[in-house]
Amino acid sequence: MRRRRVDPAAGARAGALPEAIAALSRSLPSGPSPEIFRRAKFDRPEATSALWQLLFRVLSPLPAGNALASIALEVQARLVKSALCSQGYPRLALAQLPEDGSQGSRELLLALSWLLARGPVPEQMLAQTRVPLGDEMTVCQCEALASLGPPAPHMEAEGPVDVRHVQWLMGKLRFRWRQLVSSQQEQCALLSKIHLYTRGCHSDQNLGHLSVTEAEMLRDPEGGQKLLRTLERESRRLEAVLAWRRAEPVFWQWMDTVLGTCTPEAPAAASQPTFLPWVPECGDGELELVVRELQTLEEELREAVERRRVAWEAKARGCGRGPEWSATRRASRETVEKELGALQRCWEQDSGPAPAHGPHRLVRREDGAAGDRDLRAAELIRTLRSQEACLEAVLRQLQGQCRQELARLAGALPGLIWILPPGR
């Protein structure tokens, strides 16, 4: 194995590696001690459980009050494997690790470093667990629906579907939706009262009123002390993230040495029994026969594809002048024109400032004045109503498809009487 060339300047700063690992440990929620990282380099089994829990916390973030002790280690390991596989983790040796935490700490360290290289994991975890001092509302207009889009694919049920069960699920969904809307309306009414009653109490004239958290601090001073301790912990994590970003190159140099301790053949060889089929031992003559058969099948498949392509081109040229082809072409042109119109309107809307994304603080203003980066509630309501109109159009389209399907079923079974539910 070729040894990595060591930079003398990096070697002179040997003490920067413990600082970098310690900063990374402090920046992550419930981060393990720096000694866990050192033991994981040498694949020590005592570091495996802590790294499983850390990866589970990073990939499946839980609320602040949730404890990992209530979730078994085997469940955490299975969820981590599934999440890494869905994100395209390249090393197959991770799936071979036992889920009881007995071994595999070095492989888990490599998986954590892969996540750190893909995105700002400490910043994301810090944003998820930050303490909001103001009354905020999350707004995202990045994926606003501009048009109906392509029709949804037709899905066939695996077995018979009970219509009564579907109706019960729809009723339950409508009930939950009404509960959610009513709770949101009640919350907005309470926020409006607090903002109105505390008007002029805030030291910042741009805000003018207190938030729920600030009003609670005035009502309960002990709760304010608890909030202060939480903010201090958040500030320490933020300082750790800044220190980690400064010392990050030293960590990646150390990870090169960790990756060098893994033999390239070991992960692939270990993953073959799980991800590759078993191939029996055979002689050279049998292998040559298999190769010739595969080549013959490849030639036949290429010829069949060429024949189908030629037939499709001839059919397309022959149907280009018929009435059915003209109607299809006209419908396609209308659909394309609608899509282009929706894209043009979306482009005109996006020509100004960038679409709103992320949390926004709710501020009550009597004069109606707004800053450059402020988002008016009226503008947001208009955007939501346009999205609601698009969703209603999609719903009507799906309802029409369902009616056509019911009509087809009614025509296929003349001996039955179909009684449609009353329209809403």
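All residue numbers here refer to positions counted from 1 along the written sequence of the relevant chain. Whole-chain, interface and lining totals are the exception, using all residues; otherwise, since this is a predicted model, local features are given only for residues with pLDDT of at least 70 and side-chain atom pairs are given and counted only at 80 or more. Excluding hydrogens and water, the side-chain values take into account all heavy atoms of the structure.

Caption draft 1: Fine view of the pattern of salt bridges. The salt bridge definition used is simple: a Lys or Arg side-chain nitrogen within 4 Å of an Asp or Glu carboxyl oxygen. Enumeration over the complete set of coordinates arrives at eleven salt bridges. Ionic pairing is found between Glu35 and Arg38, a salt bridge with its closest N-O pair at 2.3 Å. A residue pair is termed a helical-turn pair when its members lie 3 or 4 positions apart in one helix, as Glu35 and Arg38 do in helix H3 (residues 34–41) at three residues. Arg302 is the salt-bridge partner of Glu298, the closest N and O atoms lying 3.2 Å from each other. Here Arg302 and Glu298 lie together in helix H13 (residues 284–318), a separation of four residues that amounts to about one turn. One connected set of salt bridges, linked through shared partners, spans Glu35, Arg38 and Arg39. Labels follow the DSSP assignment, with helices taken as runs of H or I lasting at least four residues and strands as runs of E lasting at least two, numbered in each case from the N terminus.

Caption draft 2: Fine view of the side chain of Ser105. Within the element layout of this structure, Ser105 appears in helix H6 (residues 105–118). Pairs of residues are marked as contacts when any of their non-hydrogen atoms sit within 4.5 Å. If near-sequence neighbours (up to four positions away) are discounted, Ser105 is found in contact with Arg39, Ala40, Asp43, Arg44, Ala47, Thr48 and Leu51.

Caption draft 3: Spatial organisation of the side chain of His195. Position of His195 relative to the elements: it lies in helix H8 (residues 163–197). Setting aside its immediate chain neighbours within four residues, His195 contacts Asp135, His209, Leu210, Leu362 and Arg364.

Caption draft 4: Summary view of the packing of aromatic side chains. Only Phe, Tyr and Trp rings are paired, with Trp represented by its six-membered ring, and only when their centres lie within 6.5 Å; those with planes under 30 degrees apart are stacked, over 60 edge-to-face, the remainder tilted. In total, this model carries four aromatic pairs according to the counting rule given. With 5.1 Å between their ring centres and 75° between their planes, Trp244 and Phe251 make a pair best called edge-to-face. Taking 5.3 Å as the distance between ring centres and 70° as the angle between the ring planes, the aromatic pair formed by Phe251 and Trp252 counts as edge-to-face. Partly exposed describes any residue whose relative accessible area lies between the buried limit of under 20% and the exposed limit of over 50%, with all areas from a 1.4 Å probe on protein chains only and scaled to the type maximum. For Phe251, a relative accessible area of 1% corresponds to the buried category. Overall, Trp252 belongs to the partly exposed group, its relative accessible area being 24%. Put simply, the rings of Trp244, Phe251, Trp252 and Trp254 pair up and form one aromatic cluster.

Caption draft 5: Structural view of the packing of helix H4 (residues 48–59) against helix H5 (residues 73–86). All axes here are fitted lines through C-alpha atoms, helices being fitted over the stretch that makes contact, and every angle between N-to-C directions spans 0 to 180 degrees. Two elements in contact, H4 and H5, have axes whose closest approach is 9 Å; the angle formed by their N-to-C orientations is 55°. Taken together, H4 and H5 sit at an angle that is classed as oblique. The hand of the H4/H5 crossing is left-handed. Where H4 approaches H5, its residues Ser49, Trp52, Gln53, Leu55, Phe56 and Leu59 are matched on the opposing element by Leu73, Gln76, Ala77, Leu79, Val80, Lys81, Ala83 and Leu84. Tallied by class, the residues present in the contact of H4 with H5 amount to ten nonpolar, three polar and one charged. To sort the angles, those under 35 degrees are grouped as roughly parallel, those over 145 as roughly antiparallel, those from 65 to 115 as roughly perpendicular, and the leftovers as oblique. What makes a crossing left-handed is the near helix being turned counterclockwise from the far one by less than a right angle; a clockwise turn instead makes it right-handed. Each residue gets one of three labels, nonpolar for Ala, Val, Leu, Ile, Met, Phe, Trp, Tyr, Cys and Pro, charged for Asp, Glu, Lys and Arg, and polar for the others, Gly among them.

Caption draft 6: Just the confidence of the model for the protein chain, in detail. In the predicted model, the protein chain carries a mean pLDDT of 76, and 73% of its residues have values of at least 70. Each residue carries a pLDDT score, the predictor's own confidence in it, on a scale running from 0 to 100. Throughout residues 144–154 the model reports pLDDT below 50, and contacts reaching past four residues in sequence, or to other chains, amount to 17 contacts.

Caption draft 7: Region of the structure containing the nonpolar core. Side-chain atoms within 4.5 Å link the members of a nonpolar core, which is a set of buried Ala, Val, Leu, Ile, Met, Phe, Trp, Tyr and Cys residues. Core analysis: the largest hydrophobic core is formed by 41 residues, its most contacted members being Phe37, Trp52, Leu84, Leu109, Leu115, Phe251 and Trp254. When contributions to this core are tallied by element, the ones reaching two or more residues are helix H2 (16–27), H3, H4, H5, H6, helix H7 (121–128) and helix H11 (248–260). If one sorts the elements of this core by residue count, H6 sits on top with eight residues. Among all residues touching Phe251, those that are not within four sequence positions of it are Leu17, Ala20, Ile21, Leu24, Leu116 and Trp244.

Caption draft 8: Layout of H2. With twelve residues, H2 extends 16 Å between its outermost C-alpha atoms, agreeing within 8% with the 16 Å of an ideal straight helix rising 1.5 Å per residue. Considering only its buried residues, H2 is in contact with H3, H6, H7, helix H10 (221–246) and H11. Expected span of a helix: the number of residues minus one, times 1.5 Å.

Caption draft 9: Region of interest: a positive patch on the surface. Each patch groups residues whose relative accessible area exceeds 30% and which form no salt bridge, using 9 Å between like charges and 5 Å between nonpolar side chains of Val, Leu, Ile, Met, Phe, Trp and Tyr. For the area figures, the Shrake-Rupley method with a 1.4 Å probe applies, and any residue is considered shielded solely by the protein chains shown. When charges are tallied, Lys and Arg are placed among the positive residues and Asp and Glu among the negative ones, while His and the ends of the chain are skipped. Positions of charges follow a simple convention, taking NZ of Lys, CZ of Arg, CG of Asp or CD of Glu. A surface patch of like charges, here positive, comprises Lys226, Arg229, Arg233 and Arg236. Relative to the helices and strands, Arg229 resides in helix H10.

Caption draft 10: Seen up close, H7. The set of residues buried in H7 consists of Val121, Pro122, Met125 and Leu126. Within H7, the buried residues cover an arc of 135° as seen down the axis, which keeps them to one side. Packing partners of the buried residues in H7 comprise H2, H4, H6 and H10. The arc refers to the directions leading from the helix axis to the C-beta atoms.

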